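Notes for the structure review
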Amino acid sequence: MVLEGNPEVGSPRTSDLGHPGSQGSCVLSSPGEDAQPGEEPIKYGELIVLGYNGCLATGDKGRRRSRLALSRRPHANGVKPDVMHHISTPLVSKALSNRGQHSISYTLSRSHSVIVEYTHDSDTDMFQIGRSTENMIDFVVTDTSPGGGAAEGPSAQSTISRYACRILCDRRPPYTARIYAAGFDASSNIFLGERAAKWRTPDGLMDGLTTNGVLVMHPAGGFSEDSAPGVWREISVCGNVYTLRDSRSAQQRGKLVENESNVLQDGSLIDLCGATLLWRTPAGLLRAPTLKQLEAQRQEANAARPQCPVGLSTLAFPSPARGRTAPDKQQPWVYVRCGHVHGYHGWGCRRERGPQERECPLCRLVGPYVPLWLGQEAGLCLDPGPPSHAFAPCGHVCSEKTARYWAQTPLPHGTHAFHAACPFCGAWLTGEHGCVRLIFQGPLD
């Protein structure tokens, strides 16, 4: 087989085409080659899927889970761009038949394709994310439906790509992580078909977008008490940053954003068109509350013995060990329009407005009346503040700054819509602010 090199293009530059790596399972606990026996591996960061309160509904199993740590592999599995070829389509299958050779194929027409081959890179590790359960996918992600569940059944057509994206991490400090659209398949290839958005860059190289795209949003001010939502961008196959397309799968790309990069920051959001992931750095996780702190806050809230202002019964947040089952008799409930916390009662129904619509007996506001559940995914919290606010209408409870940040963060939905959603269950937020301050009544004695 003859591959015709392009003398005008030459070898692609690493800075333009990124550093994709080869297949391999994600390393969670195996020490890196520089680590001493018994030492913890170097952690690059963690990915948390929005919409699950600490665990998948069916339980975290293997590569299918709500949260995954990316750690340095025992041996580098990275590759870097090597040679670009222009070939005729009949030769494409032969050119890509070598599973040991990573490549990206850009189909320009029925008679013309461009293939970029890659060679080993000892300085990077690659982790792949997608819907496929094949071995080259390190983190298996399925579509998340509002309410914290996965879309199931034969009619649930997934919009997440089988090989959605890849994250490349430098093996040396500061362990920079970069994200790229698309992942390598079982044949170590990435295919951009004739209908995919693709183009030649000004310096003669190739780039493109996947069908439904990979969107990224970096928060302003990091992921802390002073955070504010950033601007959603689209990441290309080569890691360049573009403004959003007119619709999710439009063939016309957005404009190149030259002053932004694909480097992940603490709090960066990654949207795969069906699921949204949060990236947390090791330094950022050190600032986040721990599960022990969240449990201490739950016990402190219960120790205050809040009471139902009408039934005068003592209320208590249930233990996380119970899971989100049917509320018990001590479960606190809230009127999400006003924030008044009660025990469960059956009066005040406004069935003409819906089965959850109730009239608060204290202030007469009518709105959803729902049980309160503590947010248990600590990585989604901006600060270790007390659980003082609840999202509307789902009733998940967290600190004020965490609630206000997520309430003003638009998350992609469908082809071109954006909605703020509860990070713990994925329910779309409603009301003027998307969250409400909780008003408890203390004991009368």
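Rules and cut-offs
Counting from 1, residues in each chain are numbered in the order their sequence is written. Totals for whole chains, interfaces and linings use every residue, but because this is a predicted model, local features are given only for residues with pLDDT of at least 70 and side-chain atom pairs only at 80 or more, for both listing and counting. By convention in this description, side-chain values take in all heavy atoms of the structure and omit both hydrogens and water. UniProt positions are given in the numbering used here, feature names are shortened, and annotations may be inferred rather than shown by experiment. Within this scheme, the nonpolar core is defined by two criteria: the residues are buried Ala, Val, Leu, Ile, Met, Phe, Trp, Tyr or Cys, and they are joined through side-chain atoms within 4.5 Å. The buried label applies to any residue whose accessible area, calculated with a 1.4 Å probe on protein chains only, is under 20% of its type's maximum; exposed applies above 50%, and partly exposed to all values in between. Runs of E in the DSSP output that reach at least two residues are strands. Runs of H or I that reach at least four are helices, and both are numbered from the N terminus. Contact definition: two residues touch when any of their heavy atoms are within 4.5 Å. Think of a 1 Å grid over the protein atoms and nothing else: a 1.4 Å probe that fits but is trapped marks a cavity, an open set flanked by protein within 12 Å on at least five of seven lines marks a pocket, and residues with an atom within 4 Å of a point count as lining. Grid points are joined across faces, edges and corners, and a volume is the space filled by probe spheres set on the points. Charged residues are taken to be Asp, Glu, Lys and Arg, nonpolar residues to be Ala, Val, Leu, Ile, Met, Phe, Trp, Tyr, Cys and Pro, and polar residues to be all remaining types, Gly included. Here, any two strands with at least 2 DSSP bridges between them count as paired.

As recorded in an unreviewed UniProt entry, the chain goes by E3 ubiquitin-protein ligase pellino homolog and comes from Puma concolor. On record in UniProt, under Function (unreviewed entry), the comment for the chain is "E3 ubiquitin ligase catalyzing the covalent attachment of ubiquitin moieties onto substrate proteins." Taken directly from UniProt, the Catalytic activity (unreviewed entry) text for the chain runs: "S-ubiquitinyl-[E2 ubiquitin-conjugating enzyme]-L-cysteine + [acceptor protein]-L-lysine = [E2 ubiquitin-conjugating enzyme]-L-cysteine + N(6)-ubiquitinyl-[acceptor protein]-L-lysine."

Core analysis: the largest hydrophobic core is formed by 30 residues, its most contacted members being Leu47, Ile129, Ile167, Ile179, Ile270, Leu272 and Leu277. Elements represented by at least two residues in this core include exactly strand S2 (43-49), strand S3 (67-71), strand S7 (124-130), strand S11 (165-170), strand S12 (177-181), strand S16 (214-217) and strand S20 (276-280). Ignoring sequence-local partners within four residues, the contact set of Ile129 consists of Leu47, Ile137, Phe139, Val141, Tyr163, Ala164, Cys165, Ile167, Leu272 and Leu277. In terms of nonpolar packing, the next biggest core, distinct from the first, is built from 27 residues, Ile48, Phe223, Cys422 and Cys435 among them.

Turning our eyes to something else, we now look at empty space enclosed by the protein. With the rule as written, the count across this model stands at 2 cavities of 30 Å³ or more. Of the pockets and cavities examined, the largest cavity occupies roughly 120 Å³. In terms of lining, the largest cavity is formed by 15 residues, of which the most central are Leu294, Gln297, Gly375, Pro387 and Cys398. The element that contributes the greatest number of residues to the lining of the largest cavity is helix H4 (residues 291-303), accounting for 3 residues. The class makeup of the residues in the lining of the largest cavity is 7 nonpolar, 6 polar and 2 charged. If you add up the space inside the second largest cavity, you get close to 50 Å³. In terms of lining residues, the second largest cavity is bounded by Val49, Tyr52, Leu56, Arg64, Arg65, Phe139, Val140, Val141, Thr142 and Thr144.

Within the open sheet, the 4 strands sit side by side as S8-S7-S11-S12. Their pairing is mixed. The open sheet has two free edges, formed respectively by strand S8 (139-140) and S12, since each of these has just one partner strand. Across 6 bridges, the pairing between S7 and S11 is antiparallel. When the bridges of S11 are listed, Thr124 appears paired with Asp170.

Strand order in this open sheet of 4 strands is S22-S21-S24-S23, and the pairing throughout is antiparallel. Sheet topology places strand S22 (341-342) and strand S23 (357-359) at the edges, where each strand pairs with a single neighbour. Here strand S21 (residues 333-335) pairs with strand S24 (residues 366-371) via 3 bridges, running antiparallel. Within S24, the residue paired with Trp333 across the bridge is Pro371.

The next thing to look at is the pairing of S12. Of all 5 residues in S12, 4 are buried; the element is thus mostly enclosed. As defined by bridge partners, S11 adjoins S12 across 5 bridges and the pair is classed as antiparallel. From the neighbouring strand, Leu168 faces S12, where its bridge partner is Arg178. The antiparallel pairing of S11 with S12 creates a hairpin that spans 6 residues between the two strands, and Tyr175 there sits at a positive phi of about 60°.

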